[in-house]
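Coordinates in review
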Amino acid sequence: MIDVTHQINAVRRRVGSRVIEAGEGHVVTLSQTYDSTVEDLWDACTNPERIPRWFLPVTGDLRVGGKYQLQGNANGTVESCDPPRGFTATWEFAGDVTWIELRLVPEADGGTRFELDHIAPDDDEKWAQFGPGAVGVGWDMALIGLTLHLSTGEAVNPEEAMAWFGTEEGLRFVTLSSEGWYAASVSDGEAEGVARARADRTTAAYTGAESD
């Protein structure tokens, strides 16, 4: 499906913090540069007819103040929009409210950098248990779809994609992604033991392996 090592290394992962309305927040940031114009990448990320080609079917009103629903996943409200540079929205899933911020940055060589922040409150229970990998691994998986779509122009078959994540290579990808978020957490100052335990739980949750 994809070169696992190349894709893992193509994504930059960062963990940080930010003051939000609810107080302190954790910030998970992924970025990857694509050989695409900012206009084309914007269309891939905001066109409701194109989003399902690499991510999930989406319904709703994709305008400021509008509400969206990703099939079988999150819903939320579009809070701001600056085409073709970025948007912000709430990300509401399983009773939790977090936020996403997308930035598209033109590069000097003609490519475009996709940069996504996922922000959670400081007291987020999933963060306490899994750390940044709670959302980071899922976004890493989504970027495979975006990478394949932009490189081929074709739609990603969701059934084939989910089946691939159960293969040896798919499980290796998830494990390496979790390790990448472990490293990003330690770089942000988290104690290695705490970060290690969270990463192991994340890996187990995605792969079905046992965790201590």
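Computed from a predicted structure; not experimentally measured.

Rules used throughout
Residues numbered from 1 in each chain as written. Predicted model: local features only at pLDDT ≥ 70, side-chain atom pairs only at ≥ 80, totals over all residues. Heavy atoms only, no water. 1 Å grid on protein atoms, 1.4 Å probe; cavity = no way out; pocket = protein on both sides within 12 Å on 5 of 7 lines; lining within 4 Å. Points joined across faces, edges and corners; volume = space filled by probe spheres on them. Helix = DSSP H or I, 4+ residues; strand = E, 2+ residues; numbered from the N terminus. Nonpolar A, V, L, I, M, F, W, Y, C, P; charged D, E, K, R; others polar. Buried < 20%, exposed > 50% of the residue type's maximum accessible area, 1.4 Å probe, protein only. UniProt positions renumbered as here; feature names shortened; annotations may be inferred. Phe/Tyr/Trp six-rings, centres within 6.5 Å; stacked < 30°, edge-to-face > 60°. Lys NZ or Arg CZ within 6 Å of the ring centre and 35° of its normal.

**So, the layout of surface pockets**
In this structure, the largest pocket spans a volume of roughly 1,100 Å³. Together, 41 residues line the largest pocket, and Phe55, Asn73, Gly138, Trp139 and Tyr206 are the ones closest to its centre. It is helix α4 (residues 133–152) that provides the largest number of residues to the lining of the largest pocket, a total of 8 residues. Residues that form the lining of the largest pocket fall into these classes: 26 nonpolar, 11 polar and 4 charged. Roughly 400 Å³ of internal volume is contained in the second largest pocket. Lining the second largest pocket are 21 residues; nearest its centre among them are Cys45, Thr46, Ile51, Phe87 and Ile100. Going through the elements one at a time, α2 (38–46), β4 (67–70), β5 (75–82), β6 (86–93), β7 (96–106) and β8 (112–121) are the ones with two or more residues in the lining of the second largest pocket. Of the residues belonging to the lining of the second largest pocket, the class tally is 19 nonpolar, 1 polar and 1 charged.

**Remarks on the side chain of Thr203**
With respect to the secondary-structure elements, Thr203 resides in helix α7 (residues 192–207). Classification of Thr203 as buried rests on a relative accessible area of 13%.

**Thoughts on the UniProt feature "domain: Activator of Hsp90 ATPase homologue 1/2-like C-terminal" (unreviewed entry) in the chain**
Mapped onto this numbering, the UniProt entry gives "domain: Activator of Hsp90 ATPase homologue 1/2-like C-terminal" (unreviewed entry) at residues 36–146. Helix makes up 26% of residues 36–146 and strand 40%, whereas the separation of the span's terminal C-alpha atoms amounts to 11 Å.

**Section: empty space enclosed by the protein**
As enumerated under the stated definition, the model contains 1 cavity of 30 Å³ or more in all. The wall of the largest cavity is formed by Phe130, Gly131, Pro132, Gly133, Ser178, Trp181, Tyr182, Ser185, Ala195, Arg198, Ala199 and Thr202. Residue composition of the lining of the largest cavity, grouped by class: 6 nonpolar, 5 polar and 1 charged.

**Things to note about the packing of aromatic side chains**
Following the criterion strictly, the structure yields 7 aromatic pairs and no others. When the ring of Trp91 is compared with that of Trp139, the centres are 5.1 Å apart and the planes differ by 50°; the resulting orientation is tilted. Here the residue Trp91 occupies a position in strand β6, and Trp139 occupies one in helix α4, the gap between them amounting to 48 residues. Accessibility classification places Trp91 together with Trp139 in one group, the buried group. Aromatic side chains Phe165 and Phe173 sit 6.3 Å apart centroid to centroid with 55° between the ring planes, which places their arrangement in the tilted category. The buried category is assigned to Phe165, whose relative accessible area is 11%. Residue Phe173 is classed as buried on the basis of its relative accessible area, which comes to 1%. One aromatic cluster is present, formed by Trp54, Phe55, Trp91 and Trp139 through successive ring pairs. Above the plane of the ring of Tyr182 lies Arg196, whose end atom (NZ or CZ) is 4.3 Å from the centre.

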